[in-house]
Amino acid sequence: MSVTSEDISRVLKAVPTELLIGGTWVAGEDTLDVEDPSTGEVLTAVADASPEQGITALDAAVAASDSWKQTDPRERGEILRRAFTLITERAEDIALLMTLEMGKPLSESRAEVTYGAEFFRWFSEEAVRIAGRYAVAPSGGTRLLTMKQPVGPVYAITPWNFPLAMGTRKLGPALAAGCTVVIKPAAQTPLTTLALAGILIEAGLPDGVLNVLTTSSSGDVSSPIIADPRLRKLTFTGSTEVGRRLIEQSAQQVLKTSMELGGNAPFLVFADADLDKAVDGAMLAKMRNIGEACTAANRFLVHDSVADEFASRLAERMGAMTIGRGVEDGVQVGPLIDTAAVDKVTELVTDAVDAGAEVLTGGSAIDGAGYFYRPTVLGGVHPSARVNSEEIFGPVAPIISFSNDEEGIALANDTEFGLVAYAFTESLTRALTVAERLETGMVGINQGIVSNPAAPFGGVKASGLGREGGPEGIEEYLETKYVGIRL
Ligand code: NAP
């Protein structure tokens, strides 16, 4: 069913646009415009918080902390579970909101609603499984009791590329563990987080347990919060560059941090790969979210013997994709987030072509309203090209060939990043050997998507610290206390 302008007005009108502080919606010092990247037009305006309002939000999270941590785990779980149900019931409206502010096609926003909501269901179940242990000391006598306790007030900073899931992936475990939160979404996509906060209130979340700051001055608002000794945890998803800065700032108060940072995922296709599976996987790994995903395949490393065939099949599929406004029926590729993103992709493609790459499809931005770039496949990319070392964050697939497993693995690991890698092979031995040797936090074997709320998501090296999702996810919001007991 097509989206009408009435649908758009209704969905925009329903979203709160103020700051949520201590259970009350309050105006900002100013307002901040939210743009539709597919048209460049302003959708609406939200509150623009000042640094003082940031501290007021932290005050509220601190004030609510004691009672929230003492709430029965079952009650915390039930609130998350009710929020899961509400998100699911309102999936269409939330998907439309996300498409409007971020640009991705509606089908992808719907998939994100399913994925994002699932973190609330998963952590509603984890809330009641927080346990310690009891042991006899090896020398006898003393008993060793460990207990898990919420770490304390959390500051969560999220990016624009997955406006719902990046929020629920942090809020689910934090709230389940008994932590109160101040969350700051990216200025470009604040609406989904505001809608999510409204849903959590409706689900029964007590005042002050969740506070939302939208702001055009992320650094100025965040620094005093991070420097405040009452804050106990910083959880960040975004670029490695900003993550590094936040780790430095966190050192002052020795904050517990979770850092979900940038990626440069290799996508390895071995000589024995099933090419149908590999091309299907490549389409997902590259084109999900218009290539604007930390898990997006950034470098296609393909064995010499199949490189030409893989490249031409991928170029055919990518070249046939329908580009347009995400709200329109049948659109598969939406706009990039802004002009800077289009400029960066243009620069990287030009650099690769200058170094000898061949454009097999695409290769240019689309003139006119919105920030569109054509799905692009580059063949014969030289290893020195910038696309090999930098995160593309757009719909560009550079193909580099290798001649043996050792070379393929060495190329895959030749990056400062280590979030995810994909490998396509029909050999179980090769799959496991390669999975063991890849320097990444996650590996997809014969599949182009690894994200799953029941699995630990996260990277190594410059891709970050900590894990989100799975049984590991809640640990990030818990401290272990040991009690020694002499009997
Ligand atoms: P970004 O520029 O690092 O921004 C991320 C968040 O940090 C936004 O909310 C941003 O707010 C805020 N921010 C920026 N400067 C800040 C500062 N000095 N102090 C406090 N907050 C600050 O990244 P992005 O462009 O939004 O997102 C893309 C990046 O995120 C990519 O590198 C991608 O790989 C990474 N990412 C990683 C994962 C993962 O799980 N590993 C998942 C998704 C995305 P404003 O935008 O309002 O300034």
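The rules behind these values
Residues numbered from 1 in each chain as written. Predicted model: local features only at pLDDT ≥ 70, side-chain atom pairs only at ≥ 80, totals over all residues. Heavy atoms only, no water. Pairing = 2+ DSSP bridges. Helix = DSSP H or I, 4+ residues; strand = E, 2+ residues; numbered from the N terminus. Axes fitted to C-alpha atoms, helices over the stretch in contact; angles between N-to-C directions. Expected span 1.5 Å × (residues − 1). Buried < 20%, exposed > 50% of the residue type's maximum accessible area, 1.4 Å probe, protein only. Contact = heavy atoms within 4.5 Å. Core = buried A, V, L, I, M, F, W, Y, C linked by side-chain atoms within 4.5 Å. Near = heavy atom within 4 Å. Polar contact = N/O pair within 3.5 Å; in protein donor to acceptor, adjacent residues only side chain to side chain. Areas by Shrake-Rupley, 256 points an atom, 1.4 Å probe, with all protein chains shown as cover. Nonpolar A, V, L, I, M, F, W, Y, C, P; charged D, E, K, R; others polar. Salt bridge = Lys/Arg side-chain N within 4 Å of Asp/Glu carboxyl O.

### A few points about the sheet that holds strand β5 (residues 133–136)
Right, so step 1: Taken in spatial order, the three strands make up an open sheet running β5-β6-β20, and their pairing is antiparallel. Each edge of the open sheet carries a strand with a single partner, namely β5 and β20 (478–486). Direction aside, neighbouring strands of the sheet carry axes that sit 20° apart on average.
Right, so step 2: Both strand β6 (residues 142–150) and β20 contribute to a ladder of nine bridges, which runs antiparallel. By the bridge assignment, R143 is partnered in β20 with I485.

### Here we look at helix α4 (residues 91–102)
Right, so step 1: Counted at 1.5 Å a residue, the expected span for α4 with its twelve residues is 16 Å, and the 16 Å between its end C-alpha atoms agrees.
Right, so step 2: When you tally the buried positions in α4, you get nine out of twelve residues, the bulk of the element.
Right, so step 3: Among the residues of α4, those classed as buried are I94, A95, L96, L97, M98, T99, L100, E101 and M102.
Right, so step 4: Of the surrounding elements, those touching the buried residues of α4 are α1 (5–14), β3 (30–36), β4 (41–48), α3 (73–89), α5 (106–126) and α7 (191–202).
Right, so step 5: G103 occupies a position one or two residues after α4 and carries a positive phi of about 105°.

### A few points about the nonpolar core
Right, so step 1: Within the largest apolar cluster, 132 residues are counted, with the highest numbers of intra-cluster contacts made by L200, F267, F300, F310 and L314.
Right, so step 2: The element contributing the most residues to this core is α5, with eight residues.
Right, so step 3: Dropping the residues within four chain positions of it, F267 is found in contact with A278, G281, A282, A285, A297, R299, F300, L301, F310, Y422 and F424.
Right, so step 4: Judged by nonpolar contacts, the second largest core, of 22 residues, contains A47, I225, I226 and L231.

### Regarding unusual backbone geometry
Right, so step 1: The backbone of V254 sits at a positive phi, close to 45°, despite the residue not being glycine.
Right, so step 2: Mapped onto the elements of the fold, V254 is located in the loop between α9 (240–251) and β11 (256–260).

### Here's the deal with the site of the ligand
Right, so step 1: Around the ligand, 30 residues are found, and the nearest of them are T158, S218, S239, L261 and E391.
Right, so step 2: Between an oxygen atom of the ligand and a main-chain N or O atom of G238, the distance comes to 3.3 Å.
Right, so step 3: Between an oxygen atom of the ligand and a side-chain N or O atom of E391, the distance comes to 2.5 Å.
Right, so step 4: Calculation on the ligand without its partners gives an accessible area of 900 Å², and the protein chains cover 87% of this total.
Right, so step 5: Mapped by element, the contributors of at least two residues to the shell around the ligand are α6 (165–177), α8 (218–227), β10 (233–237) and α9.
Right, so step 6: A per-class count over the shell around the ligand returns 15 nonpolar, ten polar and five charged.

### Digging into the sheet that holds strand β18 (residues 442–445)
Right, so step 1: Strand order in the open sheet formed by seven strands is β14-β15-β16-β13-β12-β17-β18, and the pairing between neighbours is mixed. The sheet is open, and its two borders are formed by β14 (358–361) and β18, each paired with just one other strand. Ignoring which end each strand starts from, the neighbouring axes of this sheet average 25° apart.
Right, so step 2: Here strand β13 (residues 297–303) pairs with strand β16 (residues 396–402) via four bridges, running parallel. Note that in β16 the partner of V302 across the bridge is S401.
Right, so step 3: Relative to the sheet, helix α12 (residues 339–354) contacts β14, β15 (376–379) and β16, its axis offset from that of β15 by approximately 20°.

### Considerations on the pattern of salt bridges
Right, so step 1: Across all of its chains, the model carries 26 salt bridges by this definition.
Right, so step 2: Residue R10 is joined to D93 by a salt bridge in which the shortest nitrogen-to-oxygen separation is 2.9 Å. Linking R10 in helix α1 with D93 in helix α4, this pair joins segments that are 83 residues apart in sequence.
Right, so step 3: For R244, the salt bridge goes to E416, with nearest N and O atoms at 2.9 Å. Remark: E416 occurs in the loop between α13 (405–413) and β17 (420–424) and R244 occurs in helix α9; sequence separation between them is 172 residues.
Right, so step 4: According to the relative accessible area criterion, R244 is partly exposed, its value standing at 43%.
Right, so step 5: Judged by relative accessible area, E416 falls into the partly exposed class, the value being 41%.
Right, so step 6: Three or more residues joined by partner-sharing salt bridges are found here, namely D7, R10 and D93.

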